[in-house]
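Observations on the model geometry
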Amino acid sequence: MSIQTRSAPRQIATYAVLIIVSVIFLIPLLWLLSIAFKNAGELASSSWLPHALRWSNFHDAVTLIPFGRYVATSILLSVVQATLATLSSAMVGFGFARLRARGKRPLFLIVIATLMLPQIVTLIPTYLIFARVHLIYTYWPWVLWGLAGSAFLIFLFRQVFTNMPMDLEDAAIIDGCGYFRIFATIFLPLAKAVLVTGFILSFTAAWGDFIAPSLFLSQDQTTLAVGLSNGYQTSAGTPLNNALAAGAVLYILPILLLFVIAQRAFIGGFITSGLK
Amino acid sequence: MTTSVASRASTRTRRRTVETSTGWKRYRARTFYGFISPWLLGFVLLTLFPLGYALWLSLTNYDGLTGRYHYVGARNYTDILNDHDALHALTRTGIYTAITVPAGIILGLALAVLVNRPIRGRPAFRAFLYLPAVVPIVGSALCFKLLFNSDFGMLNNILGWFGISSIDWLADPTVFWVMVAMTLWGVGSTMIISLSGLQGIPQELQEAARVDGANAWQVFRRITLPLLSPIILFEVITGVIFAVQAFIPALLLSVQSASTTVTSVPQSNYLYMIHVYAQYFAYGRFGYASALLWVLFALILILTLIIFKATAGAVFYESGPDEQVARRREQSR
């Protein structure tokens, strides 16, 4: 009884704080949405909501800049890198989980250490090297980054494959089945959930990446992230903020939808990264 | 049932005989390296080699244009000491790190405690608070630029009710706080990590302490916090690494057209990596910039080591099930 009475005000305080913080956290996105539907005249007015939904802003957003081409590039690069990174990391993770060889432990420690490596420190010199071998202004860097796998996903796959029962490979080995076939036909199909998680996480990362496309690609072959960051202007150079907001909504929306559909993958990925 | 167990056991012994042969061992070792080769090649070519290349460049006067450049020894490194912009940038990065890392961890933990309580709508609250963390960086920067815009931003709109004339938040010195706010907006990722840590703490421990008369704060301070300390240590280390190399928010908040120039970043947002980036791509001082880059790399290594050393006594590691079993076996022997 005493616990009941004591926890009632605490319950209310919990709700109050959570509601306030949630609203504050949603405000930047709601403000963006509001501007995306206002017209230029309404911008400076004190009203927070648009008087009417100006869908024309979205038309401007996709026609004033080569929006379609940016989207196509973003999708292409994200899908290529995410697919390759997921499959390659699964393979490497399998190696670390299921095979034995000299040097395995130190190599795995290196994988863990690279998780901590600041990416920008390797990205800029990579750019300088790629510039010398004519790999900039091409999409090849994304293929190479994909093939090299991601330290985080390698770690994730290693955990999953380590925990699968020995019996799975025993019979196959007796039958004279090679490890690659064991991996491809037995283990990979069992790791479907992690494959999906890996793909979603690396797709989101590539879609959101700003610095690599802005360094490695020219302005007319770049991704939506870089295209949007350049903003929208009239021919006289006046910024078109409503079109910009609409473009940003279109850019963010696929990721938010992905988050709503596959919340567990996002959160699960983050938790695993935090635990070990 | 018994037969399947027996046959499984015989499979295992037959497999063991296969495994002990040296040919098999060699096959397995070769296969291991085959499997990890994509990562190993990537590590050598896309991590080790670039790092080494930058180290070599840092010892030269390479300017990226002329093919002729030569070894200058440690001169680039000693030049950093006389570079006032570099020291200013380092200070800004230090302030940014000292604010965002503790604030992010405390806020993340506080929110994690709240969304860990048995309340209605818990999944929705978790999703709302986490949502900003998945918004791509270009998207969040645009959100904050529009929110803090001097002509039509929400903040100036509110100030307008009180007759306060509009403030240009995206200029010095307030733009720094816009960047801090934008960073903390993504606190959901820290919250989720802390939450997973809270969920791993056995309820019985906290309940037992409550029965013994401890209040909520004492339970949190004496039980929850020590058990969370490895996770908090992880958050501190990743947080510091993330903050020290941060520069994209500063870049995206500063200019209308991000690709134009890094030199227009306001003084208060002139982070260390902005300086490095400017030396590379605005001034073409590739040798000097590479030295700055290596200083950052070394700084991160040193900071990580210091944090590990400093917290060695304060972090509490609960022994895992394997260790407990091993210890029990040891004792019974």
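Report follows, based on the coordinates. (Residues numbered from 1 in each chain as written. Chains lettered and ligands numbered in written order. Predicted model: local features only at pLDDT ≥ 70, side-chain atom pairs only at ≥ 80, totals over all residues. Heavy atoms only, no water.)

A few words on the overall build of chain A. A tally of regular secondary structure across chain A gives 15 helices and 0 strands. What you see for chain A is a C-alpha radius of gyration of 24 Å, clearly larger than the 19 Å of a compact globule of 276 residues, by over 25%. If you line up chain A on its principal axes, its C-alpha atoms span 75 × 75 × 30 Å. Burial status across chain A gives 50% buried among its 276 residues. (Helix = DSSP H or I, 4+ residues; strand = E, 2+ residues; numbered from the N terminus. Rg over C-alpha atoms; globule rule 2.2 N^0.38 Å. Buried < 20%, exposed > 50% of the residue type's maximum accessible area, 1.4 Å probe, protein only.)

With that settled, consider the overall build of chain B. A tally of regular secondary structure across chain B gives 15 helices and 0 strands. Element-wise, carbon and sulfur atoms account for 64% of the exposed surface of chain B, whose accessible area totals about 16800 Å². (Areas by Shrake-Rupley, 256 points an atom, 1.4 Å probe, with all protein chains shown as cover.)

Counting residues in hydrophobic clusters, the biggest one holds 187 residues, and the most contacted among them are Phe96(A), Phe161(A), Phe216(A), Trp39(B) and Phe247(B). Sort the elements by how many residues they give to this core and helix 14 (residues 241-261) of chain A lands first, with 11 residues. Excluding anything up to four places from it in sequence, Trp39(B) contacts Val92(A), Phe96(A), Leu107(A), Ile110(A), Val111(A), Ala148(A) and Ile154(A). (Core = buried A, V, L, I, M, F, W, Y, C linked by side-chain atoms within 4.5 Å. Contact = heavy atoms within 4.5 Å.)

Where helix 10 (residues 179-190) of chain A meets helix 2 (residues 22-57) of chain B, the axes come as close as 10 Å, and the angle between the chain directions of the two elements is 55°. What the angle tells us is that helix 10 of chain A and helix 2 of chain B run oblique. Taken together, the residues of helix 2 of chain B that come into contact with helix 10 of chain A (itself represented by Tyr179(A), Phe180(A) and Phe183(A)) are Trp24(B), Tyr27(B), Arg28(B), Thr31(B) and Phe35(B). Considered class by class, the residues forming the contact of helix 10 of chain A with helix 2 of chain B number 6 nonpolar, 1 polar and 1 charged. (Axes fitted to C-alpha atoms, helices over the stretch in contact; angles between N-to-C directions. Parallel < 35°, antiparallel > 145°, perpendicular 65-115°, else oblique. Nonpolar A, V, L, I, M, F, W, Y, C, P; charged D, E, K, R; others polar.)

The next subject is the layout of surface pockets. Empty space among the atoms can be located by rolling a probe the size of a water molecule over them. As a volume, the second largest pocket reaches approximately 1100 Å³. Around the second largest pocket sit 22 residues that line it, and Arg10(A), Arg117(B), Gln206(B), Arg210(B) and Ala216(B) are the ones nearest its centre. Contributing elements (two or more residues each) for the lining of the second largest pocket: helix 1 (2-37) of chain A together with helix 10 (203-211) and helix 11 (216-244) of chain B. Broken down by element, the residue count for the lining of the second largest pocket peaks at 6 residues, all from helix 1 of chain A. Within the lining of the second largest pocket, the residues separate by chemical class into 8 nonpolar, 8 polar and 6 charged. (1 Å grid on protein atoms, 1.4 Å probe; cavity = no way out; pocket = protein on both sides within 12 Å on 5 of 7 lines; lining within 4 Å. Points joined across faces, edges and corners; volume = space filled by probe spheres on them.)

Nothing here speaks to function; it is all geometry.
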